[in-house]
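Residue strings, one per chain:
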Amino acid sequence: MPFIEESDLLELHKDIDKAQIINERLLDQIKFKNKELRKSKLQRNVLAGITALFLIGVLAITSFTAGLSSSNTYENTSNLLVSIDSLDAIKTRIDNLKQQNEELSLVKEFYLAKKFLDKEKVYSVQVKSFVDNNMTLSSEALSNTLFVKTNPFYSYSLGNFETLEEARSFRYQLVKMGFEDAFVASYQDGKRLKIEDPY
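**Considerations on the packing of aromatic side chains**
Point 1. Counted by the stated rule, this structure contains one aromatic pair.
Point 2. Relative to F170, the ring of F161 has its centre 5.3 Å away and its plane inclined at 45 degrees; by these criteria the two rings are tilted.
Point 3. Accessibility expressed as a relative area gives 2% for F161, which makes it buried.

**Digging into the pairing of strand 4 (residues 183-188)**
Regular strands place their side chains on alternate faces of the sheet.
Point 1. Relative to strand 4, strand 1 (residues 122-130) is paired through five bridges, and the arrangement is antiparallel. The residue of strand 4 that forms the bridge with Q126 is F183.
Point 2. Counting the residues that bridge the hairpin from strand 4 to strand 5 (residues 191-195) gives two residues, and of these D189 lies at a positive phi of roughly 55 degrees.

**Comments concerning the nonpolar core**
Point 1. Residues Y123, V125, F161, F170, L174 and V184 are the most contacted members of the largest nonpolar core, which totals 15 residues.
Point 2. Those elements that provide at least two residues to this core are helix 1 (6-69), strand 1, strand 3 (153-161) and helix 3 (164-177).

**Here's the deal with the pairing of strand 3**
Point 1. Most of strand 3 sits inside the fold, with seven of its nine residues counted as buried.
Point 2. Note: strand 1 against strand 3, six bridges, orientation antiparallel. Looking across to strand 3, one finds that Q126 is bridged to S157.

**Details of the side chain of R171**
Point 1. Inspection of the secondary structure assignment puts R171 in helix 3.
Point 2. Summary of buried charges: R171 has no salt-bridge partner, and the nearest side chain of opposite charge, D181, is 8.4 Å away.
Point 3. Beyond its immediate chain neighbours, meaning those up to four positions away, R171 contacts V125, A182, F183, V184 and P198.

**Let's talk about the pattern of salt bridges**
Point 1. Enumeration over the complete set of coordinates arrives at two salt bridges.
Point 2. Note that E11 and K14 form a salt bridge whose closest N and O atoms lie 3.8 Å from each other. You can see E11 and its partner K14 sitting in helix 1, three residues apart, about one turn around the helix.
Point 3. E11 sits in the partly exposed class, given a relative accessible area of 31%.
Point 4. For E196, the salt bridge is made with K194, and the minimal N-O distance between the two is 4.0 Å.

**Brief notes about helix 3**
Because each turn of an α-helix spans 3.6 residues, side chains separated by three or four positions end up pointing in the same direction.
Point 1. The terminal C-alpha atoms of helix 3, which comprises 14 residues, lie 20 Å apart, in line with the 20 Å expected from a rise of 1.5 Å per residue.
Point 2. Listed in full, the buried residues belonging to helix 3 are L164, E166, A167, R168, F170, R171, Q173, L174 and M177.
Point 3. Looking one or two residues past helix 3, G178 carries a phi angle of roughly 120 degrees, positive in sign.

Basis of the calculations
- Residues numbered from 1 in each chain as written.
- Predicted model: local features only at pLDDT ≥ 70, side-chain atom pairs only at ≥ 80, totals over all residues.
- Heavy atoms only, no water.
- Phe/Tyr/Trp six-rings, centres within 6.5 Å; stacked < 30°, edge-to-face > 60°.
- Buried < 20%, exposed > 50% of the residue type's maximum accessible area, 1.4 Å probe, protein only.
- Pairing = 2+ DSSP bridges.
- Helix = DSSP H or I, 4+ residues; strand = E, 2+ residues; numbered from the N terminus.
- Core = buried A, V, L, I, M, F, W, Y, C linked by side-chain atoms within 4.5 Å.
- Lys, Arg positive; Asp, Glu negative; His and termini not counted.
- Salt bridge = Lys/Arg side-chain N within 4 Å of Asp/Glu carboxyl O.
- Contact = heavy atoms within 4.5 Å.
- Expected span 1.5 Å × (residues − 1).

Structure, rendered in structure tokens:
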């Protein structure tokens, strides 16, 4: 097991912090796009709500005028009460649908962010490969790691960098710590594109 100097560890933390800043910028871009999507969705929902209210109004007026044509005043009052009750039920249903729509938007926003990050080309430093799928190295807490199947091996890489220079600098730090076989590779859509020149 290679020994890590404190200064090397600090450099690694700086590189990881840079990568996290880049990821946060990408997430900010995704949030901006999602706000635009939400705004257009809200406009559609408002239009649908106005249309629904118009139809309800037409139905209420129709039922009210039909009630006026009958001679029994009890029936007129009954028709009016039915219309008010149905309006309350429709309002309640619209509120429920709005709440469900907001919950679905949050889920969709998460998947859009993940899809956006997967589409971007990133650079990472591969430190190890295995014949078997060794998932003990993988963890949900490690967000800057890649565990990718590259036939016939499973490769384990550290860091998600936007530029090749950042990944090369990180690789240099790892080589100084004893990971002499480490190399930089580019990834997109969860697949390795190519092994990059180390210099």
